[in-house]
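# Tertiary structure, described
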Amino acid sequence: MSIVDDRVWDKIYFYLDMMNLPYKDVGEKLERHVVLLYQSTQIHIVPGEDNIVFIADVIEGVEPSEELLKFLLTDGAKPFGNIRVDDNKVYIGYSLPVETLDFNIFATVLYQFSLYADWLDDEIKKRFGGKRISDMIDGMEEQQKKTERRIGFK
């Protein structure tokens, strides 16, 4: 049994199924979490002993600058202020206590957090450059199409 109580996992899966959201389990044991895509961003749901953490991969390949950091600490910090810049990547996070978790709280936070992450990646890309998760997925699909072998004539 992992650190996270199976009842917490069951709640998360149940809530995601109620919301009819496609998701994927990633990792094992202590690194186990759920990933889902929303618009141009990727959301990780990581349960812990006392809380559930929502993490969004906002953007990659953006050069940290004074202007970017100022934006992230002011306009970009609302309403979810847990922002991290690491290795030219920007992440945001938010946590909910497990003890008060119910469907309405989970669904509201997930929806608002996802909307915010989607807005934030667009704003950062427009102002400072970088690639959103959807840009990287599109790039991978494009590369895959180029390298596929085609059988037959066109």
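Reading the values: rules and limits
- Residues numbered from 1 in each chain as written.
- Predicted model: local features only at pLDDT ≥ 70, side-chain atom pairs only at ≥ 80, totals over all residues.
- Heavy atoms only, no water.
- Buried < 20%, exposed > 50% of the residue type's maximum accessible area, 1.4 Å probe, protein only.
- Helix = DSSP H or I, 4+ residues; strand = E, 2+ residues; numbered from the N terminus.
- Axes fitted to C-alpha atoms, helices over the stretch in contact; angles between N-to-C directions.
- Parallel < 35°, antiparallel > 145°, perpendicular 65-115°, else oblique.
- Left-handed = near helix turned anticlockwise from the far one by under 90°.
- Contact = heavy atoms within 4.5 Å.
- Nonpolar A, V, L, I, M, F, W, Y, C, P; charged D, E, K, R; others polar.
- Pairing = 2+ DSSP bridges.
- Phe/Tyr/Trp six-rings, centres within 6.5 Å; stacked < 30°, edge-to-face > 60°.

With that out of the way, let us pick up unusual backbone geometry. The phi angle at Gln39 is positive, at roughly 50°, despite the residue not being glycine. Using a relative accessible area of 59% as the deciding quantity, one classes Gln39 as exposed. With a phi close to 50°, Asp87 is a non-glycine residue in the positive phi region. Relative to the elements of secondary structure, Asp87 occurs in the loop between β5 (82-86) and β6 (89-97).

This paragraph deals with the packing of helix α1 (residues 6-18) against helix α3 (residues 103-128). One way to put it is that α1 packs onto α3 with a least axis distance of 10 Å and a crossing angle of 65°. Taken together, α1 and α3 sit at an angle that is classed as roughly perpendicular. In this structure, α1 crosses over α3, and the sense of that crossing is right-handed. Residues Ile12, Tyr15, Leu16 and Met18 of α1 touch α3, and the partners they reach there are Phe103, Phe106 and Leu110. Considered class by class, the residues forming the contact of α1 with α3 number 7 nonpolar, no polar and no charged.

On to the environment of Ser134, then. The topology assignment puts Ser134 in helix α4 (residues 133-147). Residues contacting Ser134, with those up to four places away along its chain left out, are Gln39 and Ser40.

The strands making up a sheet associate through backbone hydrogen bonding, with each pair oriented either parallel or antiparallel. With antiparallel pairing, 6 strands are arranged side by side in an open sheet as β1-β2-β3-β4-β6-β5. The open sheet has two free edges, formed respectively by β1 (24-26) and β5, since each of these has just one partner strand. Neighbour-to-neighbour, the strand axes of the sheet open up by a mean angle of 30°, direction not taken into account. Where β1 and strand β2 (residues 33-38) come together, 3 bridges link them in antiparallel fashion. Bridged to Lys24 within β2 is Val35. The sheet strands contacting α1 are β1, β2, β3 (41-47) and β4 (51-60), and the helix crosses β2 at an angle near 20°.

Our next topic: the packing of aromatic side chains. To describe a pair of aromatic rings, you give the distance between the ring centres and the angle between the ring planes. Taken as a whole and assessed by the stated rule, the structure comprises 10 aromatic pairs. Here Trp9 and Tyr13 contribute two aromatic rings whose centre-to-centre distance is 5.6 Å and whose plane-to-plane angle is 25°, an arrangement assigned as stacked. Pair noted here: Trp9 and Tyr13 are both in helix α1, with a separation of 4 residues, about one helical turn. Each of the two residues, Trp9 as well as Tyr13, counts as buried.

Before going further, it helps to spend a moment on the pairing of β5. Where β5 meets β6, 5 bridges bridge the pair, whose relative direction is antiparallel. Each bridged residue has a counterpart across the sheet, and for Val85 the counterpart in β6 is Val90. The antiparallel pairing of β5 with β6 creates a hairpin that spans 2 residues between the two strands, and Asp87 there sits at a positive phi of about 50°.

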